[in-house]
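# Working through the structure, step by step
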Amino acid sequence: MKIITSLLFTVLFAVSIQAQDADNFFHRGANSYINAQLNQAIQIVDEGLFQYPNDAKLNALKQKLEEEKENQQQQENQQNQNQEQQEQEQEQEQQEQNQDQQQEEQEQNEEEKQDQEQGEGSEENEPKPEAGNEIDSKEISKEDAEKILQALAQKEKELLKEFKKKKSKDTAKHDKDW
């Protein structure tokens, strides 16, 4: 009886030591995972499974860690794809801006050429001033200025007459209102 009891005790002790050791691997692996050390957690659980391949806790933890690793890889892939897409969009926008800028420059160059051609054509028709008496194209002659001023004064007189006529018509219609 002593032998059976001691044998039973030895077997139970061995099983409890084995369980504690498997639990030790499980807890160390879980703590590594909690501390965001996924690769280290997987390595610890793999060591535990090497020694205790049939332990349910270690097998379940290994499965969860592998799923988490796959999720992280998918997220990294998604982030990389998003980043690549953003870079492509930025590059495309930059190309569009460059094209727009080139088109604007071409239009400005064409306008400048047309202005120069028109300027050259009008210069050919106008008499060229002598070198000592160059006149700025914005200046007008004294006679032209006097004509413009006379026309403006005439227009002002006409507007005043119309205003007086309207005013006299309005006052004639409105007699005392009380």
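The structure reproduced in this document is the subject of the present report. (Residues numbered from 1 in each chain as written. Predicted model: local features only at pLDDT ≥ 70, side-chain atom pairs only at ≥ 80, totals over all residues. Heavy atoms only, no water.)

## Notes on a nonpolar patch on the surface
Residues I140, I148, L149 and L152 make up a contiguous nonpolar surface patch of roughly 420 Å² in combined accessible area. Relative to the helices and strands, L152 is located in helix 4 (residues 142–173). Taking the relative accessible area as the measure of exposure, L152 reaches 53% and is therefore exposed. (Patch = residues over 30% accessible without salt bridge, like charges linked within 9 Å, V, L, I, M, F, W, Y side chains within 5 Å. Areas by Shrake-Rupley, 256 points an atom, 1.4 Å probe, with all protein chains shown as cover. Salt bridge = Lys/Arg side-chain N within 4 Å of Asp/Glu carboxyl O. Helix = DSSP H or I, 4+ residues; strand = E, 2+ residues; numbered from the N terminus. Buried < 20%, exposed > 50% of the residue type's maximum accessible area, 1.4 Å probe, protein only.)

## Focus on helix 2 (residues 38–51)
Between its first and last C-alpha, helix 2 extends 20 Å over 14 residues, near the 20 Å set by a 1.5 Å rise per residue. For helix 2, the full list of buried residues reads L38, A41, I42, I44, V45, G48 and L49. Buried positions in helix 2, seen along its axis, are confined to an arc of 165° and lie on one side of it. For helix 2, the exposed residues lying more than 90 degrees away from the buried face are N39 and F50. (Expected span 1.5 Å × (residues − 1). Arc of directions from axis to C-beta.)

## Thoughts on unusual backbone geometry
Residues other than glycine seldom take positive phi values, yet A36 does so here, at roughly 60°. For A36, the location among the structural elements is in the loop between helix 1 (2–34) and helix 2. Residue A36 is classed as exposed on the basis of its relative accessible area of 69%.

## Points about a negative patch on the surface
Where like charges cluster on the molecular surface, the negative patch consists of E89, E93, E96, D100, E104, E105, E107, E110, E111, E112 and D115. Among the structural elements, E111 can be located in helix 3 (residues 56–125). For E111, a relative accessible area of 48% gives the class partly exposed. (Lys, Arg positive; Asp, Glu negative; His and termini not counted. Charge placed at Lys NZ, Arg CZ, Asp CG, Glu CD.)

## Observations regarding the side chain of K62
Structurally, K62 can be placed in helix 3. For K62, a relative accessible area of 18% corresponds to the buried category. If sequence neighbours within four positions are ignored, K62 has contacts with I42, V45, D46 and L49. (Contact = heavy atoms within 4.5 Å.)

## Brief notes about the packing of aromatic side chains
Under the criterion given, the structure shown has one aromatic pair. Across from the ring centre of F26, 5.7 Å away, lies the NZ or CZ of K57, which sits over that ring. (Phe/Tyr/Trp six-rings, centres within 6.5 Å; stacked < 30°, edge-to-face > 60°. Lys NZ or Arg CZ within 6 Å of the ring centre and 35° of its normal.)

## Section: the pattern of salt bridges
Across all of its chains, the model carries three salt bridges by this definition. K62 serves as the salt-bridge partner of E66, at 3.1 Å between the closest nitrogen and oxygen. Pair noted here: E66 and K62 are both in helix 3, with a separation of four residues, about one helical turn. Residue classification places E66 among the partly exposed residues on the basis of a relative accessible area of 29%.

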